[in-house]
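# Residue-level structure breakdown
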Amino acid sequence: MQSLDELMKLPGAIASFEFSDRGELTEHRLAEGNALTPDILDLVSHVCIANISIATMQARGWEKVTGQAGFYPIEGFTLVGFDWSTVSSGNRGVILRNEEADYQAAYDALGV
Amino acid sequence: MSIVAELAARPGVIAAGEYSYRGDRFQCKGELSEEHARMASIMCRATNLSAHMQTHFLALGMDPCPFNPASGWSVRGPHFTVCVMANVFCFLDNTATSLNEVMRLMHKHLGREPEDLI
Amino acid sequence: MIRRLLAIDGVSAVCHFRDDGALVEGHGVLEEQHMAGLAMFAHDYRRILQSHADQLSMFSQVRGWTPPKGWIVHGKDATVCSLGNLVCLVDNREASLSEVMRELADTQY
């Protein structure tokens, strides 16, 4: 698992961040020259936690009903926005520009 | 070849499918039963609705907001990953496929779908 | 008609929204722009909740969750309550949520 500074070296990375189990932003790094602020990163952190939680419910239900294991525990969630993506795992995430995004490298760096 | 067929033909793709935005129809190619494909459609549609609402909220704090509108999402488990872009979903075997290639293919074909369909 | 909901203790704003999320009418302390925002939020939230209720039915194989009639999001000081196409903003210190939900049920159309 790499540090927030190392996450910033991922292709297209513009922010890396860490959040509490409730989704509150606890630490972050921001590349210069973009519109992101800690307040926005706090919202993004809540998006990550909310979706990991929803996906966990779905993985539990899916595995119970279908008998097909392999989704639980949820190891990561990625939101692909119009121009940017946020890749999250556990209590950390990274925001990438879509055209340069290497999702696999991001998951690897997040320790998935 | 449709994007669903193209995805389903890729190595490591367990199944690929498409649901109607209204949630009343679906189709799927691959190793999912009809009932499981129906369930997958319901689940993917639910998360898609959430993702769109969430990027609307992000846009309240950023203008312009590069997250908004959402193009799609993916969720990763220990063995499988689900990728969704617009109204198309894809189940992947983590060990047998390239996540980046699938995401790139889906984004190229589906990443700019008009949001009013959601 | 929905304006009468403002007479309930603690209710500070009430909106009626269309099935596409557009504001039909809104009354109370919010500005027009925020009233429209509340209407759109309630519309989005209702759709998400409907889809989650579908999943709950699907996974639990128990009937009774769907279709969901409404929802309450309870914050520290404020609560948002919605039933059907109505949504209202409530001050927790003054309101009885049971009364608000009962009145929403009586008023919805």
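A brief report on the enclosed structure follows. Per chain, residue numbering runs from 1 following the sequence as it is written. Chains carry letters and ligands carry numbers; both start at the beginning, A for chains and 1 for ligands, and go up in the order they are written. Reporting in this predicted model follows two pLDDT cut-offs: at least 70 for local features of residues, and 80 or more for side-chain atom pairs to be given and counted; totals over whole chains, interfaces and linings ignore these cut-offs and use all residues. Side-chain numbers here rest on the full set of heavy atoms in the structure, without hydrogens or water.

## Overview of the side chain of Q55 of chain C
- Numbering goes from the N terminus for both helices and strands, where a helix is a DSSP run of H or I of at least four residues and a strand is a run of E of at least two. Considering the arrangement of structural elements, one finds Q55 of chain C in helix α1 (residues 32-60).
- In this description, contact between two residues means that some pair of their heavy atoms is separated by no more than 4.5 Å. Not counting chain neighbours up to four residues away, the residues in contact with Q55 of chain C comprise M57 and Q58 of chain A together with I42, M43 and A46 of chain B.

## Examining a nonpolar patch on the surface
- The patches reported here contain residues having more than 30% relative accessible area and no salt bridge. Joining distances are 9 Å for like charges and 5 Å for nonpolar side chains (Val, Leu, Ile, Met, Phe, Trp, Tyr). All accessible areas in this document rest on Shrake-Rupley with a 1.4 Å probe, and a residue is counted as covered only by the protein chains that are shown. A carboxyl oxygen of Asp or Glu within 4 Å of a side-chain nitrogen of Lys or Arg is what we treat as a salt bridge. On the surface, L56, V62 and W65 of chain C cluster together into a nonpolar patch covering about 260 Å² of accessible area.
- Looking at the element boundaries, V62 of chain C is found in the loop between α1 and β3 (70-74).

## Regarding the packing of aromatic side chains
- Each Phe, Tyr or Trp ring, with Trp reduced to its six-membered ring, pairs with another whose centre is within 6.5 Å; inter-plane angles below 30 degrees give stacked pairs, above 60 give edge-to-face pairs, and intermediate values give tilted ones. Per the counting criterion, the structure on display carries twelve aromatic pairs over all chains.
- Relative to F41 of chain C, the ring of F57 of chain B has its centre 5.7 Å away and its plane inclined at 80°; by these criteria the two rings are edge-to-face. One end of the pair, F57 of chain B, is in helix α2 (residues 34-61); the other, F41 of chain C, is in helix α1, on a second chain.
- Of the residues examined, F41 of chain C reaches a relative accessible area of 18% and is grouped as buried. Throughout, exposure labels follow a simple rule: accessible area from a 1.4 Å probe, protein chains only, divided by the maximum for the residue type, with under 20% read as buried, over 50% as exposed, and the rest as partly exposed.

## What to know about the sheet that holds strand β4 (residues 80-85) of chain B
- Strand pairing follows a simple DSSP-based rule, namely that at least 2 bridges must link the two strands. If you trace the ten strands from one edge of the open sheet to the other, you get β2(A)-β1(A)-β5(A)-β4(A)-β3(A)-β3(B)-β4(B)-β5(B)-β1(B)-β2(B), paired in antiparallel fashion. Because the sheet does not close on itself, it has two edges, and the strands there are β2 (25-30) of chain A together with β2 (26-30) of chain B. The mean angle between the axes of side-by-side strands here comes to 15°, regardless of whether they run parallel or antiparallel.
- Pairing of strand β3 (residues 72-76) of chain B with β4 of chain B, which is carried by five bridges, proceeds in the antiparallel orientation. Bridge assignment links R76 of chain B to a residue of β4 of chain B, and that residue is T81 of chain B. The axes are straight lines fitted to the C-alpha atoms, using for helices just the contacting stretch, and the angles between their N-to-C directions are given from 0 to 180°.

## A word on the packing of helix α2 (residues 38-66) of chain A against α1 of chain C
- Where α2 of chain A contacts α1 of chain C, the axes come no closer than 9 Å and their chain directions differ by 30°. Judged by the inter-axis angle, α2 of chain A sits roughly parallel to α1 of chain C. α2 of chain A and α1 of chain C meet at a crossing whose hand is left-handed. Of the residues in α1 of chain C, those touching α2 of chain A at I54, M57, Q58, G61, W62, K64 and V65 of chain A are H52, Q55, M58 and F59 of chain C. Roughly parallel covers angles under 35 degrees, roughly antiparallel covers those over 145, roughly perpendicular covers 65 to 115, and oblique covers all other angles. It is the rotation of the near helix from the far one that decides the hand of a crossing: anticlockwise by less than a right angle makes it left-handed, clockwise makes it right-handed.

## A closer look at α1 of chain C
- For a helix, the expected span equals 1.5 Å multiplied by the number of residues minus one. Spanning 29 residues, α1 of chain C covers 41 Å between terminal C-alpha atoms, matching the ideal 42 Å at 1.5 Å per step.
- Where α1 of chain C terminates, the next one or two residues include Q61 of chain C, which has phi positive at roughly 55°.

## Regarding the nonpolar core
- Counting 47 residues, the largest nonpolar core has V94 of chain A together with L7 and M106 of chain B as the members making the most contacts within it.
- Discounting residues that sit within four places of it in the chain, L7 of chain B has contacts with V13, A16, V88, C90, V102, L105 and M106 of chain B.
- In terms of nonpolar packing, the next biggest core, distinct from the first, is built from 30 residues, A59 and W62 of chain A together with V82 and F89 of chain B among them. By nonpolar core we mean a set of buried residues, namely Ala, Val, Leu, Ile, Met, Phe, Trp, Tyr and Cys, connected to one another through side-chain atoms within 4.5 Å.

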